[in-house]
Amino acid sequence: MTPLSALRELAVSLDAADPLAAKRAEFDLDPAVAYFDGNSLGAPPKHVAARVSAVVREQWGGRLIRSWTEGWWDAPVRVGERIAPLVGAAPGQVVVADSTSVDLFKTLVAAVRANPGRDEILLDAATFPTDGYVAGEVARLTGHRLRRVPVAELGTAAGERTAVVLANHVDYVSGRLHDMAETTAAAHRAGALVVWDLCHSVGAVPVRLDECEVDFAVGCTYKFLNGGPGAPAFVYLARRWQAGFDQPLAGWAGHADPFAMEAGYRGADGAGRARAGTPDILSLLALDAALDVWDDVDLAVLREKGLALGDFFFRCLDVLLPGAEVATPRDHARGHQVSVRDPGGERTMAALHERGVLGDFRPPDVLRFGLAPLYTTYAEVARAVETLRDVRGFSRSPHQVREGFRPGTGR
C-alpha cells in the first residue's frame, strides 16, 4: 500500500467513526469542493435560505411595519442569548449588534472610561489589522497611548498606567490559541480591564468568559457560526459592568425607551445597553436561523474533532510534504486551522482553488486551511494535502503512515 493510499484509507475510517458526521448533511456544500475557509466565511446551513425567504415574504411583505413589534426589535437580545452558551456566558450578557469594528470601538472606549486615571492601552502585537486600527483611533480620541505587546507578554506588561488590554483569543495567521484565563488574571492583578476578540474562536474552541472573569468581548458570527456574509457581530458585557457601560455611540437602539423619542439619552438596562443603531434585520434573522445547527452540538465533541482534524492534517503533511514549514502549533494550543508557509503562497492558493480546494492566503506567505468540525471531513483533509503537494511539485514521500496513529493525541 502506498503512503497516499494508506492516508486515504485512514481518512475513510476516521470519517466513519466521526460523531459529528451527520451534521455535514445540514449544510449546503458542493460535493466537488473541499472547503477550508470556514474561518473566513462559514458554509450556509441548508434551511437558512427558506427562513430568510419567509422573513421577506411573510414578515416584511405580509406584516410590514408591524413586524418591528412582533419580534424584530428584540432580536438582538434574543439572538445574543443563543450565542451566550457558545462563549461560556450566563444569560443577560450577550447582545448581537453592529459590526465587529463598531462593537470593538464601543467596548474599548467604554472600558477606558470605566478605568480612569490610566493612560495606556495594551494591544496584541500580532492582532488582526482592524483591531489595531480601531485601538489606534480610540487611543487618539481618548488621549491614551497605544503599546503593542506579544500576547504572551500582555499580562506581565500591564502596569499601573494600563487601562485596557485588547487581545485575540486565537491568532488569525498562525491559529495559536492564547491563554484567556491567565492573561485576564494577570491584567486584573495590574488593575487593567480586558477586551477579548473572539472572531477566530467562537464556534471552534471552548470559550469560558464568565469562568475567566472577562470584562468585555466581541466576536463575529460569519465565520464558524455560519451567519452569512456581513452577519452582525456580538458584544459580551459582563454583568458587573452593565450599569456603568458608558459607550460613545449613544444610538436610539440602546436607549432605555427608544420609541419615547426623548431628546436626552438614557441607556437601556442589561446587555442591550451596548446596542447603537437600528438592527440589520435580514442578516440578524439569517444568523438566528443558522444558529439552529448548534442546538444539539456538544462543544466538547466539537473541540475533540477540531483537534483531531488538525492532527490528521499534520500527519498528512508529514507523509506527503515532509519538511513543509507550518506556522500552527502542533500541540493543542491552537484553534481550528492549519497554516502552512509557502513563498509563492498567493499563486499556490489560486492553483488550489482551480482544483476545488478552497483555503485562503494571508501575506506574506501563509496558506490557511480552516477546519470546521461541523462539516469538514478527514477525506477532505487528505485531498487538500495531496493537492497541495501536487501544486507545489513535491515528489512522493517514502514515509509510511505510522501505525497506531489516533486523532486527538497531538502527534
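- The name an unreviewed UniProt entry assigns to the protein chain is Kynureninase, from the organism Amycolatopsis panacis.
- Of the protein chain, the UniProt comment under Cofactor (unreviewed entry) reads exactly: "pyridoxal 5'-phosphate".
- Its UniProt record gives the protein chain a comment under Subunit (unreviewed entry), which states: "Homodimer."

**Observations regarding the overall build of the protein chain**
Okay, step 1: For the protein chain, the helix and strand inventory stands at 12 helices and 12 strands.
Okay, step 2: Scaling as 2.2 N^0.38, a compact globule of 411 residues should have a C-alpha radius of gyration of about 22 Å, and the protein chain matches this with 22 Å.
Okay, step 3: In terms of overall dimensions, the protein chain has a C-alpha envelope of 75 × 55 × 35 Å along the principal axes.
Okay, step 4: Residues counted as buried form 55% of the 411 residues belonging to the protein chain.

**Considerations on the UniProt feature "modified residue: N6-(pyridoxal phosphate)lysine" (unreviewed entry) in the protein chain**
Okay, step 1: UniProt's entry tags K223 with the feature "modified residue: N6-(pyridoxal phosphate)lysine" (unreviewed entry), counted in the numbering of this structure.
Okay, step 2: Relative to the elements of secondary structure, K223 occurs in the loop between β7 (216–219) and β8 (234–237).
Okay, step 3: A residue is classified by how much of its surface remains accessible, and K223, at 9% relative accessible area, is buried.
Okay, step 4: Those residues within four positions of K223 in sequence are excluded, and the remaining contacts are G38, N39, S40, L41, G42, C199 and H200.
Okay, step 5: Only 3.3 Å separates the side chain of K223 from the backbone oxygen of N39, close enough to count as a polar contact.

**Details of the domain arrangement of the protein chain**
Okay, step 1: Domain assignment breaks the protein chain into domain 1 (3–32 + 297–394) and domain 2 (48–294).
Okay, step 2: On a C-alpha basis, the centres of domain 1 and domain 2 stand 30 Å from each other.
Okay, step 3: On the side of domain 2, 19 residues touch domain 1, which itself brings 24 residues to the contact.
Okay, step 4: Surface buried jointly by domain 1 and domain 2 totals about 1,700 Å² across both partners, of which 60% is contributed by carbon and sulfur atoms.
Okay, step 5: Taken together, the links from domain 1 to domain 2 amount to 0 salt bridges.
Okay, step 6: Connecting domain 1 to domain 2 are 10 residue pairs in polar contact (both at pLDDT 80 or more).
Okay, step 7: Those elements that provide at least two residues to the side of domain 1 that touches domain 2 are α10 (299–320), β9 (337–341) and β12 (366–370).
Okay, step 8: The dominant element in the side of domain 1 that touches domain 2, judged by the number of residues it contributes, is α10, at 3 residues.
Okay, step 9: Residues belonging to the side of domain 1 that touches domain 2 are distributed by class as follows: 12 nonpolar, 6 polar and 6 charged.

**Digging into the nonpolar core**
A general feature of soluble globular proteins is that nonpolar side chains tend to end up buried together.
Okay, step 1: I83, V87, L198, L209 and W294 are the most contacted members of the largest nonpolar core, which has 55 residues in total.
Okay, step 2: Considering every element that reaches this core, the biggest residue donor is helix α9 (residues 281–290), with 4 residues.
Okay, step 3: Residue assignment places this core across two domains, with domain 1 (3–32 + 297–394) and domain 2 (48–294) each supplying three or more.
Okay, step 4: When sequence neighbours within four positions are dropped, the list of residues in contact with L198 reads V87, H169, M180, V207, L209, A217, V218, G219 and F234.
Okay, step 5: Core analysis: the next-biggest nonpolar cluster, separate from the first, contains 33 residues, L7, C316, V338 and F361 among them.

**Structural notes on the packing of helix α1 (residues 3–16) against helix α12 (residues 378–392)**
Okay, step 1: Contact geometry for α1 and α12: axes closest at 7 Å, N-to-C directions at 155°. When the axis of α1 is compared with that of α12, the two are roughly antiparallel. For the pair α1 and α12, the contacting residues are L4, R8, A11, L14 and D15 in the first and Y378, A379, A382, E386 and R389 in the second.
Okay, step 2: Within the contact of α1 with α12, the residues separate by chemical class into 6 nonpolar, no polar and 4 charged.

**Here we look at the layout of surface pockets**
Okay, step 1: When its volume is computed, the largest pocket comes out at roughly 290 Å³.
Okay, step 2: Forming the boundary of the largest pocket are 23 residues, of which T100, F128, C199, Y222 and K223 lie nearest the centre.
Okay, step 3: Mapped onto the lining of the largest pocket, the elements with two or more residues apiece are α4 (100–114) and α5 (129–142).
Okay, step 4: Its residues assigned to classes, the lining of the largest pocket shows 8 nonpolar, 9 polar and 6 charged.

Reading the values: rules and limits
- Residues numbered from 1 in each chain as written.
- Predicted model: local features only at pLDDT ≥ 70, side-chain atom pairs only at ≥ 80, totals over all residues.
- Heavy atoms only, no water.
- UniProt positions renumbered as here; feature names shortened; annotations may be inferred.
- Helix = DSSP H or I, 4+ residues; strand = E, 2+ residues; numbered from the N terminus.
- Rg over C-alpha atoms; globule rule 2.2 N^0.38 Å.
- Buried < 20%, exposed > 50% of the residue type's maximum accessible area, 1.4 Å probe, protein only.
- Contact = heavy atoms within 4.5 Å.
- Polar contact = N/O pair within 3.5 Å; in protein donor to acceptor, adjacent residues only side chain to side chain.
- Domains from an automatic or database assignment.
- Buried area = accessible area lost by both parts, 1.4 Å probe.
- Salt bridge = Lys/Arg side-chain N within 4 Å of Asp/Glu carboxyl O.
- Nonpolar A, V, L, I, M, F, W, Y, C, P; charged D, E, K, R; others polar.
- Core = buried A, V, L, I, M, F, W, Y, C linked by side-chain atoms within 4.5 Å.
- Axes fitted to C-alpha atoms, helices over the stretch in contact; angles between N-to-C directions.
- Parallel < 35°, antiparallel > 145°, perpendicular 65-115°, else oblique.
- 1 Å grid on protein atoms, 1.4 Å probe; cavity = no way out; pocket = protein on both sides within 12 Å on 5 of 7 lines; lining within 4 Å.
- Points joined across faces, edges and corners; volume = space filled by probe spheres on them.

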